[in-house]
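Architecture at a glance
Each chain is listed here by its residues.
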Amino acid sequence: MKHSGSCHCGKVAFEVEGDIHEVTDCNCSLCRRRGGLLWFGPREALTLKTPESDLSTYTFNKHHIQHRFCAACGVALFGEADNPKTGAKMLAVNVRCLPDVDLKTLKVNEFDGASL
C-alpha cells in the first residue's frame, strides 16, 4: 500500500510503500525528544516528491543513521542507514507524518535505544 506523507509546512513531501501494522517507539536521546513512531523498511520503499535539497540531515553518536528533517519547519520525517548485518539500505519513517495511517490501530513495540 502507498502512503503519502509530508512535513508540517509541506515543503517536503514523499510516498512510502509498505504495509504498516507495527511501529517502534524508541527511547534514545533523539527519539525521546522528537516523539516519532518509526516504521522500518527498505530504502527503495520511499520516493521523495520534492527536491532532496529541501531536507536537512542530522547525525549523532556513531553517525551511522542519517536523520532527515525539513529544513524549513524542522519536522523529523525519516532516517536512512545501512543494515549493519547485511549492508542493505534501510529506512525508518516517522509514521506520524503519514496522515492516512490510523495510529490507534498500530502495534507499538518499545525499543530501548537509550541502552545502546
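See above for the structure.
These notes cover the structure that comes with them. Numbering of residues starts from 1 in each chain and follows the order in which that chain's sequence is written. Under the rules for a predicted model, residues below a pLDDT of 70 receive no local features and side-chain atom pairs below 80 are neither given nor counted, while totals for whole chains, interfaces and linings still include all residues. Hydrogens are left out, water is left out, and the side-chain values use all remaining heavy atoms of the structure.

**With respect to the pairing of strand 7 (residues 66-70)**
Any two strands with at least two DSSP bridges between them are considered paired. Helix numbers and strand numbers start at the N terminus; a helix is a DSSP run of H or I with at least 4 residues, a strand a run of E with at least 2. The sheet contact formed by strand 6 (residues 55-58) and strand 7 spans 4 bridges and is antiparallel. Looking at strand 7, one finds that Thr 57 is bridged to Arg 68. One ladder, built from 4 bridges, connects strand 7 with strand 8 (residues 76-82); its direction is antiparallel. Across the sheet, residue Arg 68 finds its bridge partner in strand 8, namely Phe 78. Between strand 7 and strand 8, which pair antiparallel and follow one another directly, the connecting turn spans 5 residues, one of which, Gly 74, has a positive phi of 85°.

**Quick look at the nonpolar core**
Ranked by internal contacts, the top residues of the largest apolar core, which has 21 residues, are Ile 20, Trp 39, Leu 77, Val 93, Val 95 and Leu 98. Counting only elements with at least two residues in this core, the list comes to strand 2 (13-17), strand 8 and strand 9 (89-94). Setting aside its immediate chain neighbours within four residues, Leu 98 contacts His 3, Ser 4, Gly 5, Phe 14, Val 16, Ile 20 and Val 93. Nonpolar core, defined: a set of buried Ala, Val, Leu, Ile, Met, Phe, Trp, Tyr and Cys residues in which side-chain atoms within 4.5 Å join the residues together. With a 1.4 Å probe rolled over the protein chains alone, any residue whose accessible area is under 20% of its type maximum counts as buried; one over 50% counts as exposed, and the rest are partly exposed. Core analysis: the second largest hydrophobic core is formed by 6 residues, Cys 28, Leu 30, Cys 31 and Ala 92 among them. Contacts: residue pairs with any heavy atoms within 4.5 Å of one another.

**Some details on the packing of aromatic side chains**
Centres within 6.5 Å make a pair out of two Phe, Tyr or Trp rings, where for Trp the six-membered ring is used; the pair is then stacked when the planes are under 30 degrees apart, edge-to-face when over 60, and tilted otherwise. Tallying each qualifying case throughout the model produces 2 aromatic pairs. Seen from their ring centres, Phe 14 and Phe 78 are 6.1 Å apart, and the 65° between their planes marks the pair as edge-to-face. Of the two residues, Phe 14 is situated in strand 2 and Phe 78 in strand 8; the sequence distance between them amounts to 64 residues. The residues Phe 14 and Phe 78 share a single accessibility class, namely buried.

**Description of the environment of Phe 78**
The class for Phe 78 is buried, based on a relative accessible area of 4%. For the pair Phe 78 and Val 95, spaced 17 residues apart in sequence, the C-alpha separation works out to 8.8 Å. With near-sequence residues (within four places) excluded, Phe 78 lies in contact with Leu 46, Leu 48, Leu 55, Gln 66, His 67, Arg 68, Leu 91, Ala 92, Val 93 and Asn 94.

**Digging into the sheet that holds strand 5 (residues 46-48)**
Whether parallel or antiparallel, the strands of a sheet pair through hydrogen bonds between backbone atoms. Strand order in the open sheet formed by 3 strands is 1-2-5, and the pairing between neighbours is antiparallel. Every interior strand has two partners, whereas the edge strands, strand 1 (2-6) and strand 5, have only one. With strand direction ignored, the average angle separating the axes of adjacent strands in the sheet is 25°. Sheet analysis places strand 1 next to strand 2, joined by 5 bridges and oriented antiparallel. If you follow Ser 6 over to strand 2, its bridge partner there is Ala 13. Angles shown run from 0 to 180 degrees and are taken between the N-to-C directions of axes, each axis being a line fitted to C-alpha atoms and, for helices, limited to the stretch in contact.

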